[in-house]
There are 2 protein chains.
Amino acid sequence: MDATVILRKHKLSKTTGRIEVLKLFIESDQALSEREIHSRIEYSFDRASIYRTLKTFSENGILHPVYGKNEMTKYILQQTPEEHLHFKCSECEKVMCLPEIKFNDIHLPEGFIKKEANYLVIGICDNCNL
Amino acid sequence: MDATVILRKHKLSKTTGRIEVLKLFIESDQALSEREIHSRIEYSFDRASIYRTLKTFSENGILHPVYGKNEMTKYILQQTPEEHLHFKCSECEKVMCLPEIKFNDIHLPEGFIKKEANYLVIGICDNCNL
DNA sequence: GTTTATGCAAATTCTTTGCAATACT
DNA sequence: AGTATTGCAAAGAATTTGCATAAAC
């Protein structure tokens, strides 16, 4: 899991901003929003550029966007090509993968083409539920 | 499927705005955003009030919010209590139910509590795929 | 040297909020 | 009458865009 290796694999130019953002995701066990990235990153990276980076990474399958409540998209590293459930905690706002719960065998009705999937459960996570 | 009946059942006051919004959903086979509601409704209903109405309906289980790409939440009538897949077409932007594909037997890991679920596939719908 | 990404500033769009006025029960 | 909802205006937040500059290949 090396940022520059991932970038090379996807034929994306290795800029400091991209590398730093990608590192953040590699180190994180949860989904991050642009706002969280901007606040955590030490390197000064313009917000518009962060958005462009997230878009590029998603288009290349490096990140998976998770659309959830509160009008904010979070992104998470696409660890496996297998589609699985994500969970958003309404207490701590953390979004994480629940890779045990998979959705590989879903087939759509005739005529529908799948391009992207989002399986999200919102509730209380094990940590907040104490 | 009568708007006033639904409102009564949920002990919500029967205001013109709520009735008109609910009618729109009853007549619609697809999810609607606040913007779409505002443009389709003949009755002059303030945008802030539409948002408040959508929130109230969702809290009462009348509508189901669907969080999707393009930072806009759409809402759809909760026809059955069964959780099922929704589909968003990236061509025509239509969001619809695919009630054939159900998710009732998903059980989360120990400690997690489900409050709301969102199962969304994004792609090309049967109508745009011609 | 060309192409591509970034910074900056501004614009768009979605959504929420406070408060006085109004409609519902 | 009393409570809940609405209208209005303004604020807040997320996200995008144009264009000149700078960095990557």
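Residues numbered from 1 in each chain as written. Chains lettered and ligands numbered in written order. Predicted model: local features only at pLDDT ≥ 70, side-chain atom pairs only at ≥ 80, totals over all residues. Heavy atoms only, no water.

Enquirer: Tell me about the protein's contact with DNA strand D, and please be specific about residues and values.
Expert: DNA strand D sits among 21 residues. The nearest are Arg35 and Tyr51 of chain A together with Thr15, Arg18 and Asp46 of chain B. The share of sugar and phosphate among atoms of DNA strand D within 4 Å of the protein is 65%. Here a base nitrogen of DNA strand D sits 3.0 Å away from a polar atom, N or O, in the side chain of Arg52 of chain B. Elements with a minimum of two residues in the surface near DNA strand D: helix 4 (47-59) and strand 3 (72-77) of chain A together with helix 4 (47-59) of chain B. The class makeup of the residues in the surface near DNA strand D is six nonpolar, seven polar and eight charged. (Near = heavy atom within 4 Å. Polar contact = N/O pair within 3.5 Å; in protein donor to acceptor, adjacent residues only side chain to side chain. Helix = DSSP H or I, 4+ residues; strand = E, 2+ residues; numbered from the N terminus. Nonpolar A, V, L, I, M, F, W, Y, C, P; charged D, E, K, R; others polar.)

Enquirer: Give a description of the packing of helix 2 (residues 16-27) of chain A against helix 4 of chain A that names residues and reports values.
Expert: What describes two packed helices is the angle between their axes and the distance between those same axes. Residue and element names in this part refer to chain A. One can describe the packing of helix 2 onto helix 4 by two numbers: an axis separation of 11 Å at closest approach and a directional angle of 65°. One way to sum up the angle between helix 2 and helix 4 is to call them roughly perpendicular. Here helix 2 and helix 4 pass one another in a crossing that is right-handed. Contacts between helix 2 and helix 4 pair Arg18, Val21, Leu22 and Phe25 from the former with Thr53, Leu54, Thr56 and Phe57 from the latter. When the residues that make up the contact of helix 2 with helix 4 are grouped by side-chain class, the tally is five nonpolar, two polar and one charged. (Axes fitted to C-alpha atoms, helices over the stretch in contact; angles between N-to-C directions. Parallel < 35°, antiparallel > 145°, perpendicular 65-115°, else oblique. Left-handed = near helix turned anticlockwise from the far one by under 90°. Contact = heavy atoms within 4.5 Å.)

Enquirer: Could you give an account of the protein's contact with DNA strand C, with specific residues and numbers?
Expert: Residues in close proximity to DNA strand C total 21 residues, the closest being Arg18 and Asp46 of chain A together with Lys14, Arg35 and Tyr51 of chain B. Take Ser44 of chain A: an N or O atom from its main chain is 3.4 Å from a phosphate oxygen of DNA strand C. Taking Arg52 of chain B, its side chain carries an N or O atom lying 3.4 Å from a base oxygen of DNA strand C. Of all the elements, helix 4 of chain A adds the most residues to the surface near DNA strand C, at four residues. Taken together, the residues of the surface near DNA strand C break down into five nonpolar, nine polar and seven charged.

Enquirer: Hey, could you go over the relation of the copies chain B and chain A for me, with residue numbers and the actual values?
Expert: In the superposition of chain B on chain A (RMSD 0.1 Å, axial shift 0.0 Å), the rotation amounts to 179°. Taken together, the rotation and translation describe the operation of a two-fold axis. Closest approach to the rotation axis among the C-alpha atoms of chain B is made by Tyr119 of chain B, whose C-alpha sits 2.2 Å away. Both copies contact each other with a shared surface, as 100% of the interface residues of chain B are interface residues in chain A too. (Least-squares fit on C-alpha atoms with pLDDT ≥ 70 in both.)

Enquirer: Requested: an account of the interface of chain B and chain A, with residues and values cited.
Expert: If you look at the interface, chain B gives 33 residues, while chain A gives 33 residues. Regarding the contact of chain B and chain A, the summed buried area is about 2800 Å², with carbon and sulfur atoms giving 65% of it. Along the contact surface separating chain B from chain A lie two salt bridges. Close ionic contact of Lys69 of chain B with Glu116 of chain A constitutes a salt bridge, the shortest N to O distance being 2.7 Å. Counting across the chain B and chain A interface gives 14 residue pairs in polar contact (both at pLDDT 80 or more). Every element with two or more residues in the side of chain B that touches chain A is listed here: strand 2 (63-68), strand 4 (84-89), strand 5 (95-102) and strand 6 (113-124) of chain B. The biggest single contributor to the side of chain B that touches chain A is strand 6 of chain B, with twelve residues. Here the side of chain B that touches chain A is composed, by residue class, of 19 nonpolar, seven polar and seven charged. Bridge count between strand 6 (residues 113-124) of chain A and strand 6 of chain B: eleven bridges; the pairing is antiparallel. By the bridge assignment, Tyr119 of chain A is partnered in strand 6 of chain B with Tyr119 of chain B. (Buried area = accessible area lost by both parts, 1.4 Å probe. Salt bridge = Lys/Arg side-chain N within 4 Å of Asp/Glu carboxyl O. Pairing = 2+ DSSP bridges.)

Enquirer: Tell me about the packing of aromatic side chains, and please be specific about residues and values.
Expert: According to the stated counting rule, one finds ten aromatic pairs over all chains in the structure shown. Aromatic side chains Phe103 of chain A and Phe103 of chain B sit 5.5 Å apart centroid to centroid with 80° between the ring planes, which places their arrangement in the edge-to-face category. You can see Phe103 of chain A sitting in the loop between strand 5 (95-102) and strand 6 and its partner Phe103 of chain B sitting in the loop between strand 5 and strand 6, one on each of two chains. An aromatic cluster is defined as three or more aromatic residues linked by ring pairs; in this entry it consists of Phe103 and Tyr119 of chain A together with Phe103 and Tyr119 of chain B. (Phe/Tyr/Trp six-rings, centres within 6.5 Å; stacked < 30°, edge-to-face > 60°.)

Enquirer: Outline empty space enclosed by the protein, supporting the account with residue identities and numerical values.
Expert: Residues and elements named next belong to chain B. Applying the stated criterion to the full structure yields one cavity of 30 Å³ or more. In this model, the largest cavity occupies a volume close to 90 Å³. Residue lining of the largest cavity: 13 residues in total, with His64, Gln78, Glu83, His84 and His86 positioned closest to the centre. The set of elements that each furnish at least two residues to the lining of the largest cavity consists of strand 3 (72-77), strand 4 and strand 6. By residue number, the principal contributor to the lining of the largest cavity is strand 6, which donates three residues. Classifying every residue of the lining of the largest cavity by side-chain character gives five nonpolar, six polar and two charged. (1 Å grid on protein atoms, 1.4 Å probe; cavity = no way out; pocket = protein on both sides within 12 Å on 5 of 7 lines; lining within 4 Å. Points joined across faces, edges and corners; volume = space filled by probe spheres on them.)

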